[in-house]
Amino acid sequence: EQSPGSGNVYTLASVREDLIRQEDTIIYGLIERAKFPSNSHTYDAKYAQIPGFCGSLVEFVVKNTEDIQAKAGRYKNPEENPFFPENLPPSSVPSYPFPQFLHPGAASININKSIWKMYLHELLPLLATSGDDGNYAQTAASDLSLLQAVSKRIHYGKFVAEVKFRDAPEDYEPLIRAKDREGLMKLLTFTSVEEAVRMRVEKKATVFGQEVSLDSNEDNEKRKFDPSVASRLYKNWVIPLTKEVQVEYLLRRLG
Ligand SMILES: O=C(O)C(=O)C[C@]1(C(=O)O)C=C[C@@H](O)C=C1
């Protein structure tokens, strides 16, 4: 269990355990978003026409929700990164002593713009069937939950990298000083762990996405979404971007 203020709450085993738990959140997020068809109006700035706001419905929902959550203190936790960090209001609630585990350079890493583009242009077309049921606000809300879960997972690379650095500074320091991105990437990569992640994610997606029924004659092949979307999400984007965050973090680690 985490003790506030302590600097030693993260270990390689504990961050990996956390990443495994985050898989559940991401897979449930995929299932929830897959309930809705593509609902393309949600993403169309010309459709929305919201007085006083320039942008799409999903941007409207994400930006305004982030404003409220910022006031409620969400971004005081170094595990959270906003999609619209510009002009976020400060927290209005008493502060909590989150462990200061990361190097201060971590604060300048936010790749949510790439995550946003990947989500809209690569993931959604795989996940949502084409169609329009008018539930744009609900669609945007499910986009927000899934985006936040994916963003948290990818930026968790900061914690993974800090743990790895503390475990072997003598291996990382020369590569950091040489700004050797390729060498760092190689050093932080564990191919067998990545393979286990992908396989577990596909298995979880199959299990969580099953129709549960009390009638044994019923077709239990019915699925809430295609489980290979989850493993493709991890293989093509989640794992590579988590590694990119680790490299970016390490490059700032000695500054
Ligand atoms: O578990 C680690 O060591 C991580 O760095 C996380 C992760 C992943 O994104 O799942 C990324 C790189 C490693 O090659 C293995 C797995």
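An unreviewed UniProt entry lists the protein chain under the name Chorismate mutase, with Sphenostylis stenocarpa as the source organism. UniProt lists a comment for the protein chain under the heading Catalytic activity (unreviewed entry), and it reads "chorismate = prephenate".

Counting 62 residues, the largest nonpolar core has L30, I115 and F225 as its most contacted members. Here the element with the most residues in this core is helix α10 (residues 227–252); it accounts for twelve residues. Excluding residues within four positions of it along the chain, L30 makes contact with L123, L127, L146, F225, A230 and L233.

Glancing now at unusual backbone geometry. The phi dihedral of N39 falls on the positive side, at around 50°, and the residue is not glycine. Topologically, N39 is positioned in the loop between α1 (12–34) and α2 (45–48). Of note, the phi angle at N87 is positive, near 60°, even though the residue is not glycine. Take N87: it is sitting in the loop between α3 (57–71) and α4 (112–127).

It is worth spelling out the site of the ligand at this point. Neighbouring the ligand are 14 residues; R16, R153, K164, F190 and E194 lie closest to it. At 2.5 Å, a side-chain N or O of E194 approaches an oxygen atom of the ligand. Within the side chain of Q246, a nitrogen or oxygen atom sits 2.9 Å from an oxygen atom of the ligand. Considered on its own, the ligand offers 360 Å² of accessible surface; in the complex 99% of this is hidden by protein. Elements represented by at least two residues in the shell around the ligand include exactly α6 (157–167), α9 (191–208) and α10. Among the elements that make up the shell around the ligand, the one with the highest residue count is α10 (four residues).

In a structure, side chains of opposite charge can pair up when their charged atoms sit close to one another. Counting across every chain of the model gives 17 salt bridges. The partner of K63 in a salt bridge is D67, and the shortest N-O contact between them spans 3.8 Å. Of this pair, K63 and D67 both sit in helix α3, four residues apart, which is roughly one turn of the helix. Among the residues examined, K63 registers a relative accessible area of 24% and is labelled partly exposed. Residue E173 pairs with R177 through a salt bridge whose shortest N-O separation is 3.4 Å. One end of the pair, E173, and the other, R177, are both in helix α7 (residues 169–177), four residues apart, so they sit about a helical turn from each other.

Moving on, we come to empty space enclosed by the protein. Empty space left among the atoms is revealed by rolling a probe the size of a water molecule over them. For the structure shown, the criterion picks out one cavity of 30 Å³ or more. If you add up the space inside the largest cavity, you get close to 50 Å³. Every residue lining the largest cavity is listed: E66, R74, Y75, E79, E80, N81, F83, Q148, S151 and K152. In terms of residues, the lining of the largest cavity owes the most to one element, helix α5 (residues 136–155), which gives three residues.

To continue, consider α7. Listing the buried residues of α7 in full gives Y172, L175 and I176. For α7, the arc enclosing every buried residue in end-on projection is 100°, short of the 170-degree limit, so these residues lie on one face. Across α7 from its buried face, at more than 90 degrees, point the exposed residues E170 and R177. Elements that come into contact with the buried residues of α7 comprise α6, α8 (181–188) and α10. K179 lies just past α7 and shows a positive phi near 50°.

Calculation criteria
Residues numbered from 1 in each chain as written. Predicted model: local features only at pLDDT ≥ 70, side-chain atom pairs only at ≥ 80, totals over all residues. Heavy atoms only, no water. UniProt positions renumbered as here; feature names shortened; annotations may be inferred. Core = buried A, V, L, I, M, F, W, Y, C linked by side-chain atoms within 4.5 Å. Buried < 20%, exposed > 50% of the residue type's maximum accessible area, 1.4 Å probe, protein only. Helix = DSSP H or I, 4+ residues; strand = E, 2+ residues; numbered from the N terminus. Contact = heavy atoms within 4.5 Å. Near = heavy atom within 4 Å. Polar contact = N/O pair within 3.5 Å; in protein donor to acceptor, adjacent residues only side chain to side chain. Areas by Shrake-Rupley, 256 points an atom, 1.4 Å probe, with all protein chains shown as cover. Salt bridge = Lys/Arg side-chain N within 4 Å of Asp/Glu carboxyl O. 1 Å grid on protein atoms, 1.4 Å probe; cavity = no way out; pocket = protein on both sides within 12 Å on 5 of 7 lines; lining within 4 Å. Points joined across faces, edges and corners; volume = space filled by probe spheres on them. Arc of directions from axis to C-beta.

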